[in-house]
Number of protein chains: 2
Amino acid sequence: MKIPPKAKRVFEGTVFSVYQWEQELFDGSTAVFEATRRQPSVQVIATVDGKIVLGEQEQPGRKPFISLLGGVVDPGEEPLAAAQRELREEAGMVSDDWELIRTYEAPGRTEFLLYLYAARGCRVVDEQHLDAGEKIVLQYVTFDEFMLIAASDAFRNVDTAKDFLSKHYLGTIEEYKRKIFGK
Amino acid sequence: MKIPPKAKRVFEGTVFSVYQWEQELFDGSTAVFEATRRQPSVQVIATVDGKIVLGEQEQPGRKPFISLLGGVVDPGEEPLAAAQRELREEAGMVSDDWELIRTYEAPGRTEFLLYLYAARGCRVVDEQHLDAGEKIVLQYVTFDEFMLIAASDAFRNVDTAKDFLSKHYLGTIEEYKRKIFGK
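Within every chain, residues take consecutive numbers counted from 1 along the sequence as written. As a convention, the first chain written is A and the first ligand written is 1, with the rest following in written order. Where local features are concerned, this predicted model is filtered to residues with pLDDT of at least 70; where side-chain atom pairs are given and counted, the filter is 80 or more; whole-chain, interface and lining totals use all residues. Hydrogen atoms and water are omitted, and side-chain values are computed over all heavy atoms in the structure.

Draft legend 1. The arrangement of the overall build of chain A in detail. For chain A, the count of helices and strands is 4 helices and 12 strands. Across its three principal directions, the C-alpha atoms of chain A cover 60 × 40 × 30 Å. Across the 183 residues of chain A, 50% fall into the buried class. In this description, contact between two residues means that some pair of their heavy atoms is separated by no more than 4.5 Å. Taking all contacts inside chain A whose residues are at least 6 apart in sequence as the whole, residues at least 24 apart take part in 57%. Entry remark: accessible area of chain A is about 8700 Å², with carbon and sulfur atoms responsible for 49%. For chain A, the separation between the mean place of its 23 positive charges and that of its 30 negative charges on side chains is 3 Å. Comment: elements are numbered from the N terminus, with helices defined as DSSP H or I runs of at least four residues and strands as E runs of at least two. Three exposure classes are used, based on accessible area relative to the maximum for each residue type with a 1.4 Å probe and protein chains only: buried under 20%, partly exposed in between, and exposed over 50%. Throughout, the Shrake-Rupley method with a 1.4 Å probe supplies accessible areas, and for residues the shown protein chains are the sole cover considered. Only four residue types enter the charge count, namely Lys and Arg as positive and Asp and Glu as negative; His and the chain termini do not. By convention, the point assigned to a charge is CZ for Arg, NZ for Lys, CD for Glu and CG for Asp.

Draft legend 2. Representation of the sheet that holds strand E3 (residues 30-38) of chain A within the structure. Residues and elements named next belong to chain A. When DSSP finds two or more bridges between two strands, those strands count as paired. Taken together, 4 strands build an open sheet; the order of strands is E1-E2-E3-E9 and the sheet is mixed. The sheet is open, and its two edges are formed by strand E1 (8-12) and strand E9 (110-111), each paired on a single side. With 2 bridges joining them, E3 and E9 adopt parallel strand pairing. Looking at the pairing, Arg 37 lines up with Glu 111 of E9.

Draft legend 3. Expanded view of the pattern of salt bridges. The working definition used for a salt bridge is a side-chain nitrogen of Lys or Arg within 4 Å of a carboxyl oxygen of Asp or Glu. Applying the stated criterion across every chain, the model contains 30 salt bridges over all chains. Residue Arg85(A) is joined to Glu86(A) by a salt bridge in which the shortest nitrogen-to-oxygen separation is 3.3 Å. Residue classification places Glu86(A) among the buried positions, given a relative accessible area of 6%. As a salt-bridge pair, Arg102(B) and Asp163(B) come within 3.4 Å of each other at their nearest N and O atoms. Highlighted residues: Arg102(B) in strand E8 (residues 97-105) and Asp163(B) in helix H3 (residues 158-170), separated in sequence by 61 residues. Residue Asp163(B) is classed as buried on the basis of its relative accessible area, which comes to 6%. When salt bridges that share partners are traced, they join Asp74(A), Glu77(A), Arg85(A), Glu86(A) and Glu89(A) into one network.

Draft legend 4. Representation of the side chain of Arg62(B) in the model. Tracing the backbone shows Arg62(B) in the loop between strand E5 (51-58) and strand E6 (65-72). This buried residue, Arg62(B), is left without a salt bridge; Glu105(A) holds the nearest opposite charge, at 9.4 Å. In contact with Arg62(B), other than residues within four places in its own chain, are Pro107(A), Gly108(A), Arg109(A) and Arg156(B).

Draft legend 5. The arrangement of helix H1 (residues 79-91) of chain B in detail. Residues and elements named next belong to chain B. Over its 13 residues, H1 extends 18 Å from the first C-alpha to the last, a length consistent with the 18 Å expected when each residue adds 1.5 Å. At its buried positions, H1 is contacted by strand E4 (41-48), E6, strand E7 (93-94), E8, strand E10 (113-120) and strand E12 (135-141). Gly 92 occupies a position one or two residues after H1 and carries a positive phi of about 65°. In a helix, the anticipated span is given by 1.5 Å times the number of residues less one.

Draft legend 6. Looking closely at the pairing of strand E6 (residues 65-72) of chain A. Residue and element names in this part refer to chain A. The element E6 is largely enclosed, with a buried count of 7 among its 8 residues. Relative to E6, strand E4 (residues 41-48) is paired through 4 bridges, and the arrangement is antiparallel. Counted as the bridge partner of Val 44 is Leu 69 from E6. Where strand E5 (residues 51-58) lies against E6, 4 bridges are found, and the strand directions are antiparallel.

Draft legend 7. View of the relation of the copies chain B and chain A. Residues reaching a pLDDT of at least 70 in both copies supply the C-alpha atoms on which the copies are superposed by least squares. Take chain B, turn it by 180°, move it 0.0 Å along the axis, and it overlays chain A with an RMSD of 0.0 Å. Both copies are brought into coincidence by an operation consistent with a two-fold rotation axis. Rotation axis and chain B: the residue whose C-alpha lies nearest the axis is Lys162(B), separated from it by 2.4 Å.

Draft legend 8. Structural view of the nonpolar core. What makes a nonpolar core is a set of buried Ala, Val, Leu, Ile, Met, Phe, Trp, Tyr and Cys residues whose side-chain atoms join them at distances within 4.5 Å. Ranked by internal contacts, the top residues of the largest apolar core, which has 53 residues, are Phe146(A) and Phe146(B). Once residues within four sequence positions are removed from consideration, Phe146(B) is found in contact with Ile52(B), Leu54(B), Leu68(B), Val141(B), Phe155(B) and Phe164(B).

Draft legend 9. Geometry of unusual backbone geometry. One non-glycine residue, Asp49(A), adopts positive backbone phi at about 50°. Its place among the elements puts Asp49(A) in the loop between E4 and E5.

Draft legend 10. Looking closely at the pairing of strand E10 (residues 113-120) of chain A. Residue and element names in this part refer to chain A. Extensive coverage of E10 is indicated by the burial of 7 of its 8 residues. Two strands pair when backbone bridges link them, and strand E8 (residues 97-105) and E10 are joined in this way by 8 bridges, in the antiparallel orientation. Residue pairing for E10: Arg 102 is matched across the bridge by Leu 116.

Draft legend 11. Representation of the packing of aromatic side chains. Residue and element names in this part refer to chain A. Here the aromatic set is Phe, Tyr and Trp, taking the six-membered ring for Trp, and pairing holds for ring centres within 6.5 Å; pairs whose planes are under 30 degrees apart are stacked, those over 60 apart are edge-to-face, and all others are tilted. Inspection of every chain in the model, using the stated rule, returns 17 aromatic pairs over all chains. Seen from their ring centres, Phe 143 and Phe 146 are 6.2 Å apart, and the 40° between their planes marks the pair as tilted. Pair noted here: Phe 143 and Phe 146 are both in helix H2 (residues 143-150), with a separation of 3 residues, about one helical turn. In terms of burial, Phe 143 and Phe 146 fall into one category: buried.

Draft legend 12. Examining the packing of helix H2 (residues 143-150) of chain B against H3(B) more closely. Residue and element names in this part refer to chain B. Convention adopted: a line fitted to C-alpha atoms gives each axis, helices being fitted over their contacting stretch, and angles between N-to-C directions are expressed from 0 to 180 degrees. In the contact formed by H2 and H3, the axes pass within 9 Å of each other and the chain directions differ by 115°. With respect to the hand of their crossing, H2 and H3 are arranged in left-handed fashion. Residues Phe 143, Phe 146, Met 147 and Ala 150 of H2 touch H3, and the partners they reach there are Ala 161, Phe 164, Leu 165 and His 168. Should the near helix be turned anticlockwise from the far one by less than a right angle, the crossing is termed left-handed; should it be turned clockwise, right-handed.

Draft legend 13. Here's a closer look at the interface of chain B and chain A. Every contact between the two is made by 54 residues of chain B and, on the other side, 53 residues of chain A. Interface area for chain B against chain A, summed over the two sides, is near 4400 Å², with a carbon-plus-sulfur share of 62%. Broken down residue by residue, the surface that chain B buries against chain A is led by Phe26(B), Lys162(B) and Tyr169(B), which jointly contribute 18%. Applying the counting criterion to the chain B and chain A interface returns 4 salt bridges. In this structure, Arg102(B) engages Asp153(A) in a salt bridge whose closest nitrogen and oxygen atoms are separated by 3.0 Å. Pairs of N or O atoms within 3.5 Å make up the polar contacts considered here, provided that, within protein, one atom can donate a hydrogen while the other can accept it, and that residues adjacent in sequence are counted only when both atoms are side-chain atoms. Applying the counting criterion to the chain B and chain A interface returns 16 residue pairs in polar contact (both at pLDDT 80 or more). Taken together, the elements giving at least two residues each to the side of chain B that touches chain A come down to strand E1 (8-12), strand E2 (16-24), strand E3 (30-38), E8, H2 and H3 of chain B. Buried area, as used here, totals the accessible surface that two parts lose on assembly, with accessibility defined by a 1.4 Å probe and the loss added over both.

Without other data, these values stay purely geometric and don't point to any function.
Pasting the structure below:
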């Protein structure tokens, strides 16, 4: 959702800010609405030789999961720069062929934007540089393997998974696959 | 995610609470982690004569959307009681045949649990009772129509949509459909 400009910030934390505002309802009465705002995130579909790069991840206090590479956009950072930084930190990789595939908005009472990028023809130029709150083991999977992982509960990126599975359901997945890999 | 019991509540709003705690990282250092907690929600797959009941919804300050019936569990309320209350308020319906299909946990830095119920053989016994922040037009759709709507961006319940589309991809959707409708 979009928090209206007139909303008042009632809490500012390290990750979340909370806003409240007076909202007019359908009958003309008003109520106090509340929503949180988070920094945007980026997800990267990094491809190398017909394979997609995924991360098997552990983070302190969470169940292990598997996901696309990516992370939180730093304050003042451009989303593309964040995607390039995360690809380099998490996989030691760079690409000369980036494309913004789409964005997702959070549906509930959170203002949050997610940018999904394709990074084609990635190459390794560096070691992983993880911080002390990350463990990431890279996996290189075929598109069919990716679809099976996306269909499982262990895959973390629900919006992106739904997107790929929807396109399979609607019969437009081959087109999307060509876009991801750059034919 | 699960907020650890030792976490401190640093903000309490009308919908969100924010918690912070000292988290040990993989190298033995620590960092302050932050997460929000929300009341759990319920979603209801209400069926009548081989059709699923959906709501075309408008809420103040949001884009119109289409979703399953449901809403937020009141403090102290049992999830099943909340599902029964929401079905009655939003559709004027009751059912004698309820089943908890599954739960979903939020993946990110939010502690939030979503209960998905099937309510089979629903019947109308009352008017809608909406509050001033809701407009809901009921739609009765076939299972195939439901799958098409779930595959679209206008459908609000991303976790549930991904679940159905995954089962279609994995070839187990007919079984799931029988569970939803009670064969």
